[in-house]
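# Overview (structure and organization)
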Amino acid sequence: MGNVTFELADHIATLTIDRERALNALNRELLADLGAAIELARAERVRCIVVTGAGTRAFVAGADVGQMATMTRREAAAFSELGNRVFRTLERLPIPSIAAVNGYALGGGCELAMSCDIRLASTRAVFAQPEVGLGITPGFGGTQRLARLVGAGIAKELLFSGRRIDAARAREIGLVNDVVEPEALMDAALGLAREIAAQAPIAVRATKEALTLGQHVDLDTALGVEVAQFASCFETNDQRGAMAAFVEKRTPAPFEDN
Ligand code: CAA
C-alpha cells in the first residue's frame, strides 16, 4: 500500500494517507490503497481505526485535481463510484473510526473525515468543499454527509460558496467533535481509540451497527434493530464475565472479543 501506511498497536490501526508531496491528494491508486488498508483492519479484527494525513500541512487536500482535469464523464463517474465505495466501506465497517484532522481537509479530504465516526481536529485544520470553484460538485459523499452532520442550511452555505472554515467554526457547527493543539492531536486520537478498544468489542460493534442501521429508518424499525443488537451481546464470554464481575464486586478481566 504505497500511499497509505498501516500501523497496528494495542488493537488500534492507524491509517496514514501518505502522499505528502501532493498534500495527500486522493488519486485512483491512493483510493485503492486505502480500500486495501480498510480490509486489512477488518481482517485483523482491530477495535478502532485512526485515519490521519502524513506531514504537518494536510489531512487530505482533496481529490487529485491533476488526475481529474481531463476525465471524461464516464471516467468521472467511475472515480466518484470508487471514492464512494471506499468511504462507504469505512463508514459501514463495524469498527469505530476516528479522523485526526491535522491540516487541510478540503473536498475529498473533508469527505473522508465525514466518513469516519468521530472527527478530532488540530487548531491548524481547515475545512471546505471547494468543488464548485473547480466547476464540479463534491463527488465522494459531500453533497449527502455534510447536511446530515451539520444540517441543510449550513451545508448549503458551505457547498454553494466553497468557503473555507477553521477548526473553531467546524466545532461550532458540529463538523468536528473537538479541537486540540497540533502536537496533542495524535495523543488525543489514540487516547480515545484506546478508551474504545478497552470496551467489549462485540458490544462496540453492535452499538455502531445499531446506530448506523437505525439512522435512516423510522424509529420503530430502528428500535427493532436495537433489540436485535442488544440481544446479540448476551451469552458471549465478555458479557457473562463483565456482569459476573460486577455482581461479585470484582475487577473484570480484559475483554477477549468472544
Ligand atoms: N490535487 C492534486 N494536487 C494537489 C492538490 C489536489 N487536490 N492539493 C495540493 N496539491 C499539490 C499541488 O499541486 C502542489 O504540487 P506541486 O508542488 O507539484 O506544484 C503541492 O500539492 C503543494 O500545494 P500548493 O503548492 O498549492 O500549496 P499551497 O500551500 O500554496 O496551497 C492548498 C495549499 C490551499 C491546499 C492548495 O494546494 C489547494 O487549493 N489545493 C486544492 C484544494 C482543492 O480544491 N481540493 C478539492 C479537490 S476537488 C474534490 O475533492 C472532488 C471530490 O469531492 C471528489
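Residues numbered from 1 in each chain as written. Predicted model: local features only at pLDDT ≥ 70, side-chain atom pairs only at ≥ 80, totals over all residues. Heavy atoms only, no water.

### A look at the sheet that holds strand 3 (residues 48-53)
Pairing within the open sheet is mixed, and its six strands lie in the order 1-2-3-5-7-10. The sheet is open, and its two edges are formed by strand 1 (4-9) and strand 10 (178-180), each paired on a single side. Neighbouring strand axes in the sheet, compared pairwise and without regard to direction, differ in orientation by 20 degrees on average. Both strand 3 and strand 5 (residues 97-101) contribute to a ladder of four bridges, which runs parallel. Within strand 5, the position partnered with I49 by the bridge is S97. Along the sheet face, helix 1 (residues 28-43) touches strand 1, strand 2 (12-17) and strand 3 and points at about 15 degrees away from the line of strand 1. The strands touched by helix 4 (residues 108-115) within the sheet are strand 2, strand 3, strand 5 and strand 7 (118-122), with strand 5 carrying the most contacts at an inclination of about 145 degrees. (Pairing = 2+ DSSP bridges. Helix = DSSP H or I, 4+ residues; strand = E, 2+ residues; numbered from the N terminus. Axes fitted to C-alpha atoms, helices over the stretch in contact; angles between N-to-C directions. Contact = heavy atoms within 4.5 Å.)

### Some remarks on the confidence of the model for the protein
Averaged over the protein, the pLDDT score is 97; the fraction of residues at 70 or greater is 100%. By mean pLDDT, helix 9 (residues 201-214) is the weakest element of the protein at 96, and strand 5 is the strongest at 99. (pLDDT = per-residue confidence, 0-100.)

### Observations concerning the packing of helix 4 against helix 5 (residues 142-150)
Closest axis-to-axis distance for the helix 4/helix 5 pair is 10 Å, and the angle between their directions is 55 degrees. Here helix 4 is positioned oblique relative to helix 5, judged by the angle of their axes. At the point where helix 4 passes helix 5, the crossing takes the left-handed sense. Contact residues: helix 4 offers E111, M114 and S115, while helix 5 offers G142, R145, L146 and L149. (Parallel < 35°, antiparallel > 145°, perpendicular 65-115°, else oblique. Left-handed = near helix turned anticlockwise from the far one by under 90°.)

### A few points about unusual backbone geometry
Here R45, not a glycine, exhibits a phi torsion of approximately 50 degrees, which is positive. Position of R45 among the secondary structure elements: in the loop between helix 1 and strand 3.

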